[in-house]
Amino acid sequence: MSLQIRKRLFGTLVGFHTSPELGGLLSRSQVKQIEKRDSVLTSKQQIDRLLRPGSSYFNLNPFEVLQIDPEATDDELKKRFRALSILVHPDKNQDDPDRSQKAFEAVDKAYKLLLDPEQKKRALDVIEAGKEYVEHNVKEKKKQLKKDGKCQDVEEDDPEMFKQAVYKQTMKLFAELEIKRKEREAKDMHERKRAREEEIEAAEKAKRDREWQKNFEESRDGRVDSWRTFQAKGKKSKEKKNRSFLKPPKVKMEQRE
């Protein structure tokens, strides 16, 4: 993984704010319980696992959905998909068709994502970033303990505890990246909507301008004729007045006595 990608993912983890849906993510006991589950789970248990509260975030990790190690080969991935998809398939769970369909879709989506080399690499980058974050955290803890003159042993020195810490931080990072993706998607949708509204408004204005120009051109001859008629009437009226004004006065006859 490139240094740039690591820094970006690591920075996302440092600035992470837990989603309310995840309820603070996982406690240590919850992580332990999750670690105990494996392929022997029944169909109902697998469906419950894939649809548990917060599954919209838990299921972002395709390796978590399929319960398979990130180092697994393509053949192992294919075998795991077949086994898990059979367990949760609606045909096998006809008493719970709706939930089993959703669980099957989650499994199918995870498998298809891992078949895409680019998508798989992104998922592996997130997991690696989670591991690096925990390692950095452990280093900082030990540094502080040394500074305080205390024993530098930390709980993450236990491989099992380290694995649990990586699991929790990886889940946080997947969730945070999804939240940011949704925010970008909402912003882009808003921008597209605004641009479309402006485009429609501009088109309507152009249409109104064309109609006004058309009406103006069509009515021009009528306006010219009206003005000429008005001028002609005014001229005749003026001439009539002038003739009336120049008419000699009537001569009043004198009466003789």
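Up top you'll find the structure we're talking about.
Residues numbered from 1 in each chain as written. Predicted model: local features only at pLDDT ≥ 70, side-chain atom pairs only at ≥ 80, totals over all residues. Heavy atoms only, no water.

A. Summary view of the overall build of the protein chain. Scanning the protein chain from N- to C-terminus turns up nine helices and zero strands. Starting at the N terminus and walking to the C terminus, you meet the elements of the protein chain as α-α-α-α-α-α-α-α-α. Residues counted as buried form 29% of the 257 residues belonging to the protein chain. Contacts spanning at least 24 positions in sequence make up 69% of the contacts within the protein chain whose residues lie at least 6 apart. Counting every atom, the protein chain has about 19,000 Å² of accessible surface; 52% of that belongs to carbon and sulfur. (Helix = DSSP H or I, 4+ residues; strand = E, 2+ residues; numbered from the N terminus. Buried < 20%, exposed > 50% of the residue type's maximum accessible area, 1.4 Å probe, protein only. Contact = heavy atoms within 4.5 Å. Areas by Shrake-Rupley, 256 points an atom, 1.4 Å probe, with all protein chains shown as cover.)

B. Seen up close, the packing of helix 3 (residues 43–50) against helix 6 (residues 74–88). Contact geometry of helix 3 with helix 6 gives a least axis separation of 8 Å together with a crossing angle of 100°. Here helix 3 is positioned roughly perpendicular relative to helix 6, judged by the angle of their axes. Contacts between helix 3 and helix 6 pair Ser43, Gln46, Ile47, Arg49 and Leu50 from the former with Arg80, Leu84, Leu87 and Val88 from the latter. Class assignment for the residues of the contact of helix 3 with helix 6 results in five nonpolar, two polar and two charged. (Axes fitted to C-alpha atoms, helices over the stretch in contact; angles between N-to-C directions. Parallel < 35°, antiparallel > 145°, perpendicular 65-115°, else oblique. Nonpolar A, V, L, I, M, F, W, Y, C, P; charged D, E, K, R; others polar.)

C. View of helix 3. Buried within helix 3 are the following residues: Ser43, Gln46, Ile47, Arg49 and Leu50. The arc enclosing the buried residues of helix 3, seen along the axis, measures out at 160°, which places them on a common side. Lining the buried residues of helix 3 we find helix 4 (55–58), helix 5 (62–66), helix 6 and helix 7 (97–115). (Arc of directions from axis to C-beta.)

D. Local environment of unusual backbone geometry. Its identity is not glycine, yet glutamine 67 carries a phi of approximately 55°, on the positive side. Within the element layout of this structure, glutamine 67 appears in the loop between helix 5 and helix 6. A relative accessible area of 22% places glutamine 67 in the partly exposed class.

E. Representation of the pattern of salt bridges in the model. In the structure shown here, the tally under the stated rule is 18 salt bridges. Linking lysine 120 and aspartate 74 is a salt bridge whose minimum nitrogen-to-oxygen distance equals 3.7 Å. In this pair, lysine 120 sits in helix 8 (residues 117–147) while aspartate 74 sits in helix 6, placing the two residues 46 residues apart along the sequence. Taking the relative accessible area as the measure of exposure, lysine 120 reaches 17% and is therefore buried. The salt bridge involving arginine 194 is made with glutamate 191; its shortest N-O contact spans 2.8 Å. Here glutamate 191 and arginine 194 lie together in helix 9 (residues 159–246), a separation of three residues that amounts to about one turn. Salt bridges here are not isolated pairs; linked through shared partners, they connect Lys44, Asp48, Asp96 and Arg99. (Salt bridge = Lys/Arg side-chain N within 4 Å of Asp/Glu carboxyl O.)

F. The arrangement of the packing of helix 6 against helix 7 in detail. Direction vectors running N to C along helix 6 and helix 7 enclose 170°, while the axes themselves pass 9 Å from each other. Here helix 6 is positioned roughly antiparallel relative to helix 7, judged by the angle of their axes. Contact residues: helix 6 offers Leu77, Lys78, Phe81, Leu84, Ser85 and Val88, while helix 7 offers Ser100, Ala103, Phe104, Val107, Asp108, Tyr111 and Leu114. Residue composition of the contact of helix 6 with helix 7, grouped by class: nine nonpolar, two polar and two charged.

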